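Understanding the architecture of this molecule
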Amino acid sequence: MYSRVNSADKSAPRDAPSSPDVIVTELLEIVLGLFKSEPISWRPGARDLVSNAHELGLPTCIVTASWRILLDVVIEEMSQEVGSFTASIAGDEVARSKPDPTPYIMASELLGVETQRALAIEDSPTGVQSAVSAGARTIAVEHIAPIKIQGAHVVRTLEGHTIESLWNAARP
């Protein structure tokens, strides 16, 4: 990938290569600006499920393959609506990210819960694979891509569900 050094400076190289770190930093800054300028869009039914978990006194954790800097912006806004999350795991904090089971194993450890006693709700094939491989009861919410992973219970929406109904649906 290349970036323009200075389009007004005709003596500068037109397509000077940027280092991968510089490119990632620039892209993260752009995405971070977008995250901060737009309200978070909840998946249908997700806000109610987080509130339901809090009412039941259950620990909650967001597990994402995204960078911590982006996750913190999302958590701050979401927490204003539903209360605090017990923990969070970002993709840049784990040695192996999704679809590896490491993020869900770390989340279980942070929550003090055996992974087999955890309910994971995911909307991507890599996330579903991560949760299933870790041994969590897994709900797959088909969103952009179809999800056909053995060990996951697929739903089209979270609307109308409770933590209890999803826990029962995801029985092994």
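Residues numbered from 1 in each chain as written. Predicted model: local features only at pLDDT ≥ 70, side-chain atom pairs only at ≥ 80, totals over all residues. Heavy atoms only, no water.

Moving on to the sheet that holds strand S5 (residues 152-155). Taken together, the 3 strands give an open sheet; going across it, the order is S3-S4-S5, and neighbouring strands pair in parallel fashion. Edge positions in the sheet fall to strand S3 (119-122) and S5, since each has one partner strand and no second. Across the sheet, the axes of successive neighbouring strands diverge by a mean angle of 25°, strand direction being ignored. Two strands pair when backbone bridges link them, and strand S4 (residues 137-141) and S5 are joined in this way by 4 bridges, in the parallel orientation. Each residue of the ladder has a partner; that of Ile139, found in S5, is His153. The sheet contacts of helix H5 (residues 125-134) involve S3, S4 and S5, and relative to S4 the element is tilted by about 170°. (Pairing = 2+ DSSP bridges. Helix = DSSP H or I, 4+ residues; strand = E, 2+ residues; numbered from the N terminus. Axes fitted to C-alpha atoms, helices over the stretch in contact; angles between N-to-C directions. Contact = heavy atoms within 4.5 Å.)

Attention shifts here to the pattern of salt bridges. Throughout the structure, instances matching the rule amount to 6 salt bridges. Note that Arg68 is salt-bridged to Asp72, the shortest N-O span being 2.9 Å. Residue Arg68 and its partner Asp72 are both found in helix H3 (residues 68-82); the two are separated by 4 residues, about one turn of the helix. We classify Asp72 as partly exposed; its relative accessible area is 38%. Where Arg96 meets Asp100, a salt bridge forms, and the shortest distance between an N and an O atom there is 3.3 Å. Members of the salt-bridge network, linked through shared partners, are Arg68, Asp72 and Glu93. (Salt bridge = Lys/Arg side-chain N within 4 Å of Asp/Glu carboxyl O. Buried < 20%, exposed > 50% of the residue type's maximum accessible area, 1.4 Å probe, protein only.)

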